[in-house]
Amino acid sequence: MPLTLLSFALAVLVALPVGFLAAYRAHRWYGALLSGLSQLGIAVPVFWIGMLLVTVFALKLRLLPAGGFPGRTGPSRAAR
């Protein structure tokens, strides 16, 4: 449940400003780029994006654990 709520909050905090900017500046190059990236995000399977994110954030950058969520011990421990 905490992981679901955190991911939902992060998605809303990112999606609303990006969606507003893409709609407001639709005829500019960055509006078209944001619209294209959002369509690409819809088209790519979720499990593939998940594997890419694990590779980048857990294996390359070593910011998050690759083995899963540590539980309800606190949000600071999830980032170790």
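Quantities reported herein were computed from a predicted structural model and do not represent experimental measurements.

Visitor: How do you make sense of a nonpolar patch on the surface when you look at a structure like this?
Guide: Taken together, Phe 47, Trp 48, Ile 49, Met 51, Leu 52, Leu 53, Val 56, Phe 57, Leu 61, Leu 63 and Leu 64 make up a surface patch of nonpolar side chains, about 1000 Å² in accessible area. Structurally, the position occupied by Leu 64 is in the loop between α3 (46-60) and α4 (75-78). Under the relative-accessibility criterion, Leu 64 is labelled partly exposed at 41%.

Visitor: Before we go on, may I ask you to explain the packing of aromatic side chains in this structure?
Guide: In this description, a pair of aromatic rings is defined by centroid distance and the angle of the planes. For the structure on display, the rule yields two aromatic pairs. Taking the centre distance of 5.7 Å and the plane angle of 10° together, the rings of Phe 20 and Tyr 24 count as stacked. Here Phe 20 and its partner Tyr 24 are both found in helix α1 (residues 2-24), four residues apart, which amounts to about one turn of the helix. Just as Phe 20 is exposed, Tyr 24 falls in that class too. The interplanar angle of 90° and the centroid separation of 5.6 Å between the aromatic rings of Trp 29 and Tyr 30 together place this pair among those described as edge-to-face. Overall, the relative accessible area of 26% leaves Tyr 30 in the partly exposed class.

Visitor: Is there a simple way to explain unusual backbone geometry in this structure?
Guide: Glycine aside, residues mostly have negative phi, and peptide bonds are mostly found in the trans state. Here Arg 62, not a glycine, exhibits a phi torsion of approximately 55°, which is positive. Mapped onto the elements of the fold, Arg 62 is located in the loop between α3 and α4. By relative accessible area, which is 68% here, Arg 62 ends up exposed.

Visitor: I would appreciate a short explanation of the environment of Ala 23 in the present structure.
Guide: The residue Ala 23 is located in helix α1 in this model. Classification of Ala 23 as exposed rests on a relative accessible area of 59%. Put simply, Ala 23 and Ser 35 are 12 residues apart on the chain and 8.2 Å apart in space, counted from C-alpha to C-alpha.

Visitor: Is there a simple way to explain the packing of α1 against helix α2 (residues 29-43) in this structure?
Guide: To describe two helices that pack against each other, one gives the angle between their axes and the distance between the axes. One can describe the packing of α1 onto α2 by two numbers: an axis separation of 8 Å at closest approach and a directional angle of 130°. With respect to α2, the element α1 is oriented oblique. Read as a crossing pair, α1 and α2 show a hand that is left-handed. Contact residues: α1 offers Val 18, Leu 21 and Ala 22, while α2 offers Tyr 30, Gly 31, Leu 34 and Ser 35. Of the residues assigned to the contact of α1 with α2, the class counts are five nonpolar, two polar and no charged.

The rules behind each value
- Residues numbered from 1 in each chain as written.
- Predicted model: local features only at pLDDT ≥ 70, side-chain atom pairs only at ≥ 80, totals over all residues.
- Heavy atoms only, no water.
- Patch = residues over 30% accessible without salt bridge, like charges linked within 9 Å, V, L, I, M, F, W, Y side chains within 5 Å.
- Areas by Shrake-Rupley, 256 points an atom, 1.4 Å probe, with all protein chains shown as cover.
- Salt bridge = Lys/Arg side-chain N within 4 Å of Asp/Glu carboxyl O.
- Helix = DSSP H or I, 4+ residues; strand = E, 2+ residues; numbered from the N terminus.
- Buried < 20%, exposed > 50% of the residue type's maximum accessible area, 1.4 Å probe, protein only.
- Phe/Tyr/Trp six-rings, centres within 6.5 Å; stacked < 30°, edge-to-face > 60°.
- Axes fitted to C-alpha atoms, helices over the stretch in contact; angles between N-to-C directions.
- Parallel < 35°, antiparallel > 145°, perpendicular 65-115°, else oblique.
- Left-handed = near helix turned anticlockwise from the far one by under 90°.
- Contact = heavy atoms within 4.5 Å.
- Nonpolar A, V, L, I, M, F, W, Y, C, P; charged D, E, K, R; others polar.

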